[in-house]
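Reading the structure
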Amino acid sequence: MKWFDDFFEKQSRRVAQSASRRSAVARLGKLMLGSAVLLPVLPFDRVAKAASGKPKSKINDETSCEYWRHCALDGFICSCCGGSVSSCPPGTEVSKVTWVGTCHNPNDGKDYLISYNDCCGVTMCGQCFCNRNEGERPGYRMGVHNDVNWCMANSSNTYHCTVAAIVGVAEKRG
Ligand code: ABN
């Protein structure tokens, strides 16, 4: 094994001659300083980390704007205001007129007719504002426009929130 010892001795001497201890320390210092300055500003993908826990679908959450029945709701969600998806909060009155949209239910693959009645008689709820407009048309076609106060025909026109009641299943075109 003498050749082995000789080889490593020679290599070590060569390195020791070409690189002083001071320069080695200086290089090490630069490396440490560089890491301290650069690493915190490198563009880590924090979004990917945050999303690693699978995002929960809100498609069946009645208080969410993403709820499937809310596909054309423009207003405050009644489920956040003391009511439910199909009943007005206590103290309010359901609107006499409404507009009906069509939403796809991903749970059973069917399309449903949804009546977006406003609940009237109490000041605006202010919770869970939602503005989705699937199938909605501009205001000059009022019957298919959702940015309307449907409390207009009630004894009190004061708008509180909007429900989304199922009123039928859309038939498939043959
Ligand atoms: N249908 C909800 C609503 C109420 C008042 C004004 C605009 C929209």
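Overview of the structure. (Residues numbered from 1 in each chain as written. Predicted model: local features only at pLDDT ≥ 70, side-chain atom pairs only at ≥ 80, totals over all residues. Heavy atoms only, no water.)

1. Notes on the site of the ligand
Close to the ligand lie D74, D118, N146, D147, V148, N149, W150 and Y159, which account for all nearby residues. One of the side-chain nitrogen or oxygen atoms of D118 is found 2.8 Å away from a nitrogen atom of the ligand. For the ligand, a nitrogen atom lies 2.6 Å from a polar atom in the backbone of V148. Coverage of the ligand by the protein chains reaches 79% of its 250 Å² of free accessible surface. For the shell around the ligand, the residue count by class is three nonpolar, two polar and three charged. (Near = heavy atom within 4 Å. Polar contact = N/O pair within 3.5 Å; in protein donor to acceptor, adjacent residues only side chain to side chain. Areas by Shrake-Rupley, 256 points an atom, 1.4 Å probe, with all protein chains shown as cover. Nonpolar A, V, L, I, M, F, W, Y, C, P; charged D, E, K, R; others polar.)

2. Quick notes on the packing of aromatic side chains
The geometry of two aromatic rings is summed up by the distance between their centres and the angle between their planes. A full pass over the atoms with the stated rule returns five aromatic pairs. Between Y67 and W68, the ring centres sit 6.2 Å apart and the planes meet at 55°, which makes this aromatic pair tilted. Ring geometry for F76 versus F129: centroids 5.6 Å apart, planes at 65°, classification edge-to-face. Of this pair, F76 sits in strand β1 (residues 74-76) while F129 sits in strand β6 (residues 129-131), and the two are 53 residues apart along the sequence. Under the relative-accessibility criterion, F129 is labelled exposed at 52%. An aromatic cluster is defined as three or more aromatic residues linked by ring pairs; in this entry it consists of Y67, W68 and Y112. (Phe/Tyr/Trp six-rings, centres within 6.5 Å; stacked < 30°, edge-to-face > 60°. Helix = DSSP H or I, 4+ residues; strand = E, 2+ residues; numbered from the N terminus. Buried < 20%, exposed > 50% of the residue type's maximum accessible area, 1.4 Å probe, protein only.)

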